[in-house]
Amino acid sequence: MKKREVKFSYLHLGSEQELKEGDALLLEEARRVTQFAYAPYSHFRVGACAQLDNGEMITGTNQENASFPAGICAERTLLSTAASLFPGIAIKTLAISYHNLNGKSDKPVSPCGICRQSLVEFQERTGTPIRIILSGMQGPVLVIDNAADLLPLVFSARDIE
Ligand code: THU
């Protein structure tokens, strides 16, 4: 029997001011597009903005539905946009922000489990790890180098070959 350990490290920054210019721009855009979320049920508006390998910048927001499970998270909206508009092009960096009804958005939130699964499959498809930047509308910023770090022991396309 062997005991194995999974560890990962990420950066914790005090604010967006510690980001490099390109990354700060992505986060600024992720924060800005939260206004385009359709979240009349949760009132939790999520915005995502990605830098693609071809230099394009794309965004996504969560889009809810009265049939609740039909709603889609901002991250997966963005992944669908990326694959539809720029097939085969990798995502280099993805920034995610949010705000909610009580207006408090001063700590990072992390992608949900389904989005983690989708992010990992996307990066496996393109062969390029997705860097993730997380922050509220203000406050600390987390930078994670590889989306796979968020999903140890992932179930992936390779498992069903
Ligand atoms: N949501 C996202 O857009 N991304 C996540 O990673 C977490 C949750 C959305 C889904 C739903 O519209 C709202 O936030 C509340 O869960």
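The sections below set out a description of the structure shown in this document. (Residues numbered from 1 in each chain as written. Predicted model: local features only at pLDDT ≥ 70, side-chain atom pairs only at ≥ 80, totals over all residues. Heavy atoms only, no water.)

1. What about the site of the ligand?
The criterion, for reference: Here a residue is considered near a molecule or strand provided that any single heavy atom belonging to it is located within 4 Å of it. By the criterion applied in these results, polar contacts are pairs of N or O atoms within 3.5 Å in which, for protein atoms, one can donate a hydrogen and the other can accept it, and in which residues neighboring in sequence qualify only through two side-chain atoms. All accessibility values rest on the Shrake-Rupley procedure with a 1.4 Å probe; residue burial counts only the protein chains present in the view. Residues are grouped as follows: Ala, Val, Leu, Ile, Met, Phe, Trp, Tyr, Cys and Pro are nonpolar; Asp, Glu, Lys and Arg are charged; every other residue, Gly included, is polar.
Lining the immediate environment of the ligand, one finds Ser 42, Phe 44, Val 46, Asn 62, Glu 64, Cys 73, Ala 74, Glu 75, Pro 111 and Cys 112. In the model, an oxygen atom of the ligand is placed 3.0 Å from a nitrogen or oxygen of the Cys 112 main chain. Contact with the protein chains removes 74% of the 370 Å² of surface that the ligand exposes when unbound. Classifying every residue of the shell around the ligand by side-chain character gives six nonpolar, two polar and two charged.

2. Observations regarding helix H2 (residues 74–85)
Defined as follows: Helix and strand definitions here come from DSSP, where helices need a minimum of 4 consecutive H or I residues and strands a minimum of 2 consecutive E residues; each element is numbered from the N-terminal end. Given a helix with a known number of residues, its expected span is that number minus one, times 1.5 Å. Buried, partly exposed and exposed residues are distinguished by accessible area as a fraction of the type maximum, computed with a 1.4 Å probe on protein chains only: under 20%, between the cut-offs, and over 50%, respectively. By the convention used here, residues are in contact when the closest approach between their heavy atoms is within 4.5 Å.
In a regular helix each residue adds 1.5 Å, so 12 residues correspond to 16 Å; H2 covers 16 Å between its end C-alpha atoms and thus fits that length. Taken as a whole, H2 has its buried residues at Ala 74, Glu 75, Arg 76, Thr 77, Leu 78, Leu 79 and Ala 82. The elements touched by buried residues of H2 are strand S2 (45–52), strand S3 (57–61), strand S4 (91–99) and helix H3 (113–126).

3. Topic: the environment of Ile 160
You can see Ile 160 is positioned in the segment after strand S6 (141–144). For the pair Ile 160 and Lys 3, spaced 157 residues apart in the sequence, the C-alpha separation amounts to 26 Å.

4. Observations regarding unusual backbone geometry
With a phi angle near 60°, His 43 is a residue other than glycine that sits in the positive phi range. Given the relative accessible area of 33%, His 43 is considered partly exposed. Positive phi, close to 55°, is recorded for Leu 153, a residue that is not glycine. Mapped onto the elements, Leu 153 comes out in the segment after S6. The exposed category is assigned to Leu 153, whose relative accessible area is 84%.

5. Points about a nonpolar patch on the surface
Just so we agree on the cut-off: Patches here are clusters of residues that have more than 30% relative accessible area and form no salt bridge, with a 9 Å joining cutoff for like charges and a 5 Å cutoff for nonpolar side chains (Val, Leu, Ile, Met, Phe, Trp, Tyr). Salt bridges, as used here, are contacts in which a Lys or Arg side-chain nitrogen is within 4 Å of a carboxyl oxygen on Asp or Glu.
Taken together, the side chains of Tyr 38, Tyr 41 and Phe 68 make up a nonpolar region of the molecular surface, amounting to roughly 350 Å² of accessible area. Among the structural elements, Tyr 41 can be located in the loop between helix H1 (21–33) and S2.

6. Observations concerning the side chain of Thr 61
Along the chain, the position of Thr 61 falls in strand S3. When sequence neighbours within four positions are dropped, the list of residues in contact with Thr 61 reads Val 33, Phe 36, Ala 37, Val 46, Gly 47, Ile 72, Cys 73, Ala 74 and Thr 77.

7. What to know about the environment of Ala 95
Here Ala 95 lies in strand S4. For Ala 95, a relative accessible area of 0% corresponds to the buried category. Considered as a pair, Ala 95 and Val 143 are 48 residues apart in the sequence and their alpha carbons are 9.0 Å apart. The residues contacting Ala 95, other than those within four sequence positions of it, are Leu 26, Leu 27, Ala 30, Gly 47, Ala 48, Cys 49 and Ile 133.

On their own, these measurements won't tell you what the molecule is for.
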